[in-house]
Amino acid sequence: MTIGFRVHTRASKVDALTIKNFAELPVATVSDSMSRMSAAGHRLRPIHAEGVKMAGAALTVRTRPGDNLMVYKAIDMAEEGDILVIDAGSDLSNAIMGEIMTYLAQAKGVAGFVIDGAIRDAEEIRACGAPMFAAGVTHRGPYKDGPGEVNVDVAIDGMVIRPGDLVLGDGDGVLCVPKEDIAQVLEAARSKQALEEQQIAAIQNGTLDGAWVDEVLNQRGCEFIDP
């Protein structure tokens, strides 16, 4: 058995209806519904054009920094609607993906990319419309020697992503929802979204009650001082 150089078969993944349901929700709303305890960090920023959203099942890759051999293998294994999640060790010295690989992955039905590393051909990727979150951009290309692993647990800034987990992305960043938490998080996120819509309506018609702010300040012992 070769440690660190393996290709696993993905045992399960979130279903298409779940992906559709979550795609309708803002990432921030889902994040709040998970107690704000899960995030892929501020380094992963959208490379794509504004307004592009991402939702799909994680197809994970852990690779040696600067090497994309296993990324090619993952693309070959990809199924329609997958999100390619690549742990490249946060290294920005070499691009893990560029225009050619992006088109190759899109042809396989890949619905988005999360790369804890660098990409290149940023303008071309932006033009092709693919949801792409990465830690940086560099013109210097990758190596293709390995090692690496496909369909293993990866972690990006403390957020663990397992093969088949739900991966979401929008202008606020990237979020993973574990498969076993899907139903609970969806219910909570829908409830929060409905509440926020009510708050926005109250703001617009001038009926929002902001008394809670003073209540919290009083509870916390805030001192009010007149001139």
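Residues numbered from 1 in each chain as written. Predicted model: local features only at pLDDT ≥ 70, side-chain atom pairs only at ≥ 80, totals over all residues. Heavy atoms only, no water.

Let's talk about the pattern of salt bridges
Per the counting criterion, the structure on display carries 17 salt bridges. Linking glutamate 24 and lysine 20 is a salt bridge whose minimum nitrogen-to-oxygen distance equals 3.2 Å. On the basis of relative accessible area, glutamate 24 is assigned to the exposed category, the value being 51%. In this structure, aspartate 165 and lysine 179 form a salt bridge, with 3.6 Å as the shortest nitrogen-oxygen distance. A residue pair is termed long-range when its members are at least 10 positions apart, and aspartate 165 in the loop between β10 (159-161) and β11 (166-170) and lysine 179 in the loop between β12 (173-177) and α6 (182-205) qualify at 14 residues. (Salt bridge = Lys/Arg side-chain N within 4 Å of Asp/Glu carboxyl O. Buried < 20%, exposed > 50% of the residue type's maximum accessible area, 1.4 Å probe, protein only. Helix = DSSP H or I, 4+ residues; strand = E, 2+ residues; numbered from the N terminus.)

Focus on the packing of helix α3 (residues 69-77) against helix α4 (residues 99-107)
Remark: α3 packs on α4, axes separated minimally by 8 Å, with the N-to-C direction vectors making an angle of 25 degrees. When the axes of α3 and α4 are compared, the pair comes out roughly parallel. For the pair α3 and α4, the crossing hand works out as left-handed. Residues Val71, Tyr72 and Ile75 of α3 lie in contact with α4, whose contacting residues are Met101, Leu104 and Ala105. Considering only residue class, the contact of α3 with α4 consists of six nonpolar, no polar and no charged. (Axes fitted to C-alpha atoms, helices over the stretch in contact; angles between N-to-C directions. Parallel < 35°, antiparallel > 145°, perpendicular 65-115°, else oblique. Left-handed = near helix turned anticlockwise from the far one by under 90°. Contact = heavy atoms within 4.5 Å. Nonpolar A, V, L, I, M, F, W, Y, C, P; charged D, E, K, R; others polar.)

Topic: the confidence of the model for the protein
Per-chain confidence: the protein averages 94 in pLDDT, with 100% of residues scoring 70 or above. Of all the helices and strands in the protein, strand β2 (residues 45-46) carries the lowest mean pLDDT, 90, while strand β4 (residues 82-87) carries the highest, 98. (pLDDT = per-residue confidence, 0-100.)

With respect to the pairing of β12
Across the five residues of β12, five count as buried, placing the element largely inside the fold. Alternating positions in β12 separate into two faces, Gly173, Leu175 and Val177 on one and Val174 and Cys176 on the other, with burial throughout. Looking at chain direction, β11 and β12 are connected through five bridges and run antiparallel. Looking across to β12, one finds that aspartate 170 is bridged to glycine 173. What sits between the antiparallel neighbours β11 and β12 is a turn of two residues. (Pairing = 2+ DSSP bridges.)

Examining the environment of glycine 66
By secondary structure assignment, the location of glycine 66 is in the loop between β3 (54-63) and α3. Residues glycine 66 and lysine 144, 78 residues apart in the sequence, show an inter-C-alpha distance of 8.6 Å. Excluding anything up to four places from it in sequence, glycine 66 contacts Asp91, Asn94, Ile96, Pro142 and Tyr143.

Some points on α3
Looking only at α3, the buried set comprises Met70, Val71, Ala74 and Ile75. Buried positions in α3, seen along its axis, are confined to an arc of 150 degrees and lie on one side of it. Where α3 is buried, its residues contact β1 (5-7), β3, β4, β5 (95-97), α4 and β8 (148-150). (Arc of directions from axis to C-beta.)

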